[in-house]
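# Examination of the molecular architecture
What follows is the residue order along each chain.
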Amino acid sequence: MSATSITADKISDSGKDDVLKFTKFYYHFPVPFVIYADFECFLEKSDADHSVMHVPSGFCALMVSIFEEHDYKLHCYSGKNVMDEFYNYMNQEEQRIRTILNQNNAMIELTEDQNICHKIATVCGTCKKEFTAINFKMRHHCHVTGRYIGQVCQSCNLQLKCRTWNNEFFVPCFFHNSSAYDSHLIIKYLHKKESKITVTPSNTEQSIGFG
Ligand SMILES: [Zn+2]
């Protein structure tokens with residue numbers, strides 16, 4: 001349970017379970033890919049009923065990644081069938097990301113400094129709990145690059161993985177003014193494609209999302 005989701009009326013009596021703890025240690029594992037996107041539209045007026053349609057004229061998407069070689073990839077499109085182009089772009093990126101994150105490369109040998117730091121560490125770099133005979137010290141490494149990340153306990157090592165959403169890798173995509181504008185274009189289009197849409201309504205953290 002995150003601290004922000006606890007309300008005053010749920011806090012226990014003094015002395016009984018009254019310590020708030022952060023437990024979702026898998027959130028320490030950075031999201032490896034994020035997309036920032038925005039649509040542009042032109043207004044199409046109808047003389048018949050005086051209505052105005054917002055018709056997409058293009059989009060721009062910026063891929064940001066923790067992996068240097070995949071970081072800051074810009075994709076811009078302007079022309080016809082914008083939503084089809086966006087859908088194709090997202091599908092291609094999804095497949096590309098899946099291939100990258102499905103790698104399971106062995107750990108690269110630690111440098112001398114890394115070996116020393118690992119050896120003298122007495123607490124987990126993530127949950128800060130002390131290493132014990134039953135909660136071993138482990139070498140946490142990136143399965144894509146093979147690079148050593150740090151010392152973690154056995155429990156954290158099992159949790160620190162790429163997050164998934166509907167059995168696919170979780171890749172957040174942020175839109176400028178999404179809830180008020182871009183999401184209308186996307187959801188209408190996905191509805192036509194008969195895609196399954198999962199919606200996260202506006203919550204206490206003022207976050208709105210769909211996937
Ligand atoms: Zn730990």
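The rules behind each value
- Residues numbered from 1 in each chain as written.
- Predicted model: local features only at pLDDT ≥ 70, side-chain atom pairs only at ≥ 80, totals over all residues.
- Pairing = 2+ DSSP bridges.
- Helix = DSSP H or I, 4+ residues; strand = E, 2+ residues; numbered from the N terminus.
- Axes fitted to C-alpha atoms, helices over the stretch in contact; angles between N-to-C directions.
- Contact = placed C-beta atoms within 7 Å.
- Core = buried A, V, L, I, M, F, W, Y, C linked by C-beta atoms within 7 Å.
- Buried ≥ 20, exposed ≤ 12 C-beta atoms within 10 Å, placed from the backbone.
- Expected span 1.5 Å × (residues − 1).
- Arc of directions from axis to C-beta.
- pLDDT = per-residue confidence, 0-100.

## Some words on the sheet that holds strand 8 (residues 173-175)
- Strand order in the open sheet formed by four strands is 3-2-1-8, and the pairing between neighbours is mixed. In this open sheet, the two edge strands, each paired with only one partner strand, are strand 3 (73-78) and strand 8. Recorded for the sheet is a direction-independent mean angle of 25° between the axes of neighbouring strands.
- When strand 2 (residues 52-65) meets strand 3, the two strands line up antiparallel, connected through six bridges. Bridge pairing in strand 3 links Phe59 to Tyr77.
- The strands touched by helix 1 (residues 82-101) within the sheet are strand 1 (33-45), strand 2 and strand 3, with strand 2 carrying the most contacts at an inclination of about 20°.

## Looking at the nonpolar core
- Core analysis: the largest hydrophobic core is formed by 13 residues, its most contacted members being Phe33, Ile35, Ala37, Phe59, Ala61, Met63 and Val171.
- Broken down by secondary-structure element, the contributors of at least two residues to this core are strand 1, strand 2, helix 1 and helix 4 (178-192).
- It is strand 1 that provides the largest number of residues to this core, a total of four residues.
- Setting aside residues up to four positions removed in sequence, Ala37 forms contacts with Phe59, Cys60, Ala61, Cys173 and Phe175.

## Notes on the pairing of strand 1
- Relative to strand 2, strand 1 runs antiparallel, the two sharing 13 bridges. When the bridges of strand 2 are listed, Phe39 appears paired with Phe59.
- From the end of strand 1 to the start of strand 2, which pair antiparallel, there are six residues, and His50 there has a positive phi angle of about 60°.
- With three bridges connecting them, strand 1 and strand 8 associate as parallel partners. In the strand pairing of strand 8, Tyr36 is matched with Phe174.

## Notes on helix 1
- Compared with an ideal rise of 1.5 Å per residue, which puts 20 residues at 28 Å, helix 1 spans 28 Å between its outermost C-alpha atoms and is within 8% of the ideal.
- Regarding helix 1, the residues found buried are Val82, Phe86 and Ile97. In an axial view of helix 1, the angular spread of the buried residues amounts to 35°, which keeps them on one side of the axis. In this structure, helix 1 carries Asp84, Asn88, Asn91, Gln92, Gln95, Arg98 and Thr99 as exposed residues pointing more than 90 degrees from its buried face.
- Tucked into the core, helix 1 has its buried residues touching strand 1, strand 2, strand 3 and strand 7 (168-169).

## A short note on the confidence of the model for the protein
- For the protein, mean pLDDT is 84; residues scoring 70 or higher make up 82% of the total.
- Of the regions scoring below 50 in pLDDT, residues 1-9 engages in nine contacts with residues more than four places distant in sequence or in other chains.

## A few points about the environment of Pro172
- Secondary-structure assignment places Pro172 in the loop between strand 7 and strand 8.
- For Pro172 and Val34, which are 138 residues apart along the polypeptide, the C-alpha to C-alpha distance reads 5.2 Å.
- Each residue touching Pro172, except ones within four places of it in the same chain, is listed here: Val31 and Val34.

## Thoughts on unusual backbone geometry
- Backbone geometry at His50 places phi at a positive 60°, although glycine is not the residue there.
- With respect to the element layout, His50 can be found in the loop between strand 1 and strand 2.
- Overall, the presence of 7 C-beta atoms within 10 Å leaves His50 in the exposed class.
- Despite not being glycine, Lys128 shows a phi value in the positive range, around 65°.
- Mapping Lys128 onto the fold places it in the loop between helix 2 (112-120) and strand 4 (137-141).
- Classification of Lys128 as exposed rests on a count of 10 C-beta atoms within 10 Å.

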